[in-house]
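Structural features, examined
Next come the chains, spelled out residue by residue.
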Amino acid sequence: MYLIRVTRLLAGNKRPRWFSSEPQVTSTLTSSEIGLITLNHPPANAMGRVFLQQLKHEMKSMEDARCIILHSALAPKVFSAGADLKERATMTMEEAEAFVVQLRTTVQELSDLPVPVIAAIDGVAVGGGLELALAADLRVISARSKVGLPETSLAIVPGAGGTQRLPRLIGEGRAKELIWTGRRLSGVEAAEYGLATRLVENEESTLETAMKLAEEIAKKGPVAIRASKWSIHEGMKEASMENALEVERQAYARVLPTKDRLEGLAAFREGRTPNYRGE
Ligand SMILES: CC(C)(COP(=O)([O-])OP(=O)([O-])OC[C@H]1O[C@@H](n2cnc3c(N)ncnc32)[C@H](O)[C@@H]1OP(=O)([O-])[O-])[C@@H](O)C(=O)NCCC(=O)NCCSC(=O)C[C@@](C)(O)CC(=O)[O-]
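Below is a short write-up of the structure. For every chain, the first residue of its written sequence is number 1, and the numbers climb from 1 along that sequence. Where totals are concerned, whole chains, interfaces and linings use all residues; where local detail is concerned, this predicted model gives features only for residues with pLDDT of at least 70, and gives and counts side-chain atom pairs only at 80 or more. To obtain the side-chain values, all non-hydrogen atoms of the structure were used and water was disregarded.

A few words now on the overall build of the protein chain. Each helix and strand counted, the protein chain has eleven helices and eleven strands in total. The globule rule is 2.2 Å times the number of residues to the power 0.38, and the radius of gyration it is compared with is taken over C-alpha atoms. Its C-alpha atoms give the protein chain a radius of gyration of 20 Å, within 12% of the compact-globule value 19 Å for 279 residues. In terms of overall dimensions, the protein chain has C-alpha extents of about 60 × 50 × 40 Å along its principal axes. Evaluated residue by residue, the protein chain yields a buried proportion of 45% over its 279 residues. We call two residues in contact whenever any of their non-hydrogen atoms come within 4.5 Å of each other. Sequence-distant contacts in the protein chain: of pairs separated by 6 or more residues, those separated by 24 or more amount to 68%. Surface summary for the protein chain: the accessible area is close to 15000 Å², and the carbon and sulfur share equals 56%. Charge assignment in this entry is limited to Lys and Arg as positive and Asp and Glu as negative, and neither His nor the chain termini are counted. Every charge is mapped to an atom, namely NZ of Lys, CZ of Arg, CG of Asp or CD of Glu. Averaging the locations of the 36 positively and 35 negatively charged side chains of the protein chain gives two centres separated by 3 Å. Helix numbers and strand numbers start at the N terminus; a helix is a DSSP run of H or I with at least 4 residues, a strand a run of E with at least 2. Classification of residues uses two cut-offs on accessible area relative to the type maximum, computed with a 1.4 Å probe and protein chains only: under 20% is buried, over 50% is exposed, and between them is partly exposed. For the accessible areas, the method is Shrake-Rupley and the probe is 1.4 Å, while residue cover comes only from the protein chains on display.

Here is the structure:
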């Protein structure tokens, strides 16, 4: 089977306070070095303080994987219902503000991970749940999923990057319509809009499709995958074409001295599958 349980060495009594809670987010590493981050906080994967701390921790622990998949143990019901509105009701305005900063930062940290991240969405992904998925590099979605940003119905705005990432992905007009109406798109519509990169309509599970995609990526040169993610992200930061091409030059300079580059050439010459070691 795919999964190998990752054993975490927790330093004696120095366990963070949130570790004493039931795990809400966990992670495992597969034999092909794919990091699987599982959201598992029934009934809705609502994002509260503990959830956020655990998500941050699991993301960090998977940084050395070749590719990361973010998925929900509550599929096909829910990916995530966004911010924990029950916890929010107990917060002062200052606490709510601090939490949203933390959430926004964590979602950005997901986007900044040096390796490709795939969100496998099967179920409802709304509010912060969709914003988390929008910060992934790729989104695989089931036809039965429902996604949207309902924040304005709660008299707030998307606070975890949704007002920025959604228009960049699907265009300003469509993003405005979704944010101002709170309408939920089906998985099919989300794929048509370009919000998801892959639609799963058949019997194959969304996670299986994401896993196949991740395995395809994991076979490529790891330094090249990381350098190209960095190059794309840097180049998309409103850079002039001149600066953007300089970014690409720097990314290329990272792969040029690697053994993997020579291994790729040797494998091509010998007609065999390359064995990349990330060196
Ligand atoms: C998820 C479905 C589709 C399930 O829909 P369903 O299957 O019909 O089940 P349900 O509606 O009965 O919900 C099941 C349980 O999940 C709970 N639940 C559900 N959502 C939440 C939530 N967010 N926070 C806390 N609890 C939640 C809900 O209260 C209920 O708890 P129970 O009554 O069994 O104890 C439905 O419940 C739903 O649509 N929920 C509303 C989701 C929503 O409005 N999310 C937006 C959150 S705002 C946000 O994310 C803001 C952000 C991140 O951008 C910025 C910020 O932090 O301010």
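So, about a nonpolar patch on the surface. Only residues whose relative accessible area exceeds 30% and that take part in no salt bridge are eligible for patches, with like-charged residues grouped when within 9 Å of each other and nonpolar side chains (Val, Leu, Ile, Met, Phe, Trp, Tyr) grouped when within 5 Å. Take a side-chain nitrogen of Lys or Arg and a carboxyl oxygen of Asp or Glu: if they are within 4 Å of each other, that pair is a salt bridge. Together, Leu85, Leu154 and Ile156 make up a nonpolar patch on the protein surface, roughly 260 Å² of accessible area in all. Note that leucine 154 resides in the loop between strand 9 (146–148) and helix 5 (162–170).

The subject of this paragraph is the packing of aromatic side chains. Ring pairs are drawn from Phe, Tyr and Trp, using the six-membered ring of Trp, whenever the two centres fall within 6.5 Å, and their geometry is named by plane angle: stacked under 30 degrees, edge-to-face over 60, tilted for the rest. Applying the stated criterion across every chain, the model contains zero aromatic pairs. The positively charged end of arginine 174 is found above the aromatic ring belonging to tyrosine 193, 3.9 Å away from the centroid. Two conditions define a charge located above a ring, namely a distance within 6 Å from the ring centre to NZ of Lys or CZ of Arg, and an angle within 35 degrees of the ring normal. The positively charged end of arginine 254 is found above the aromatic ring belonging to tryptophan 230, 4.4 Å away from the centroid.

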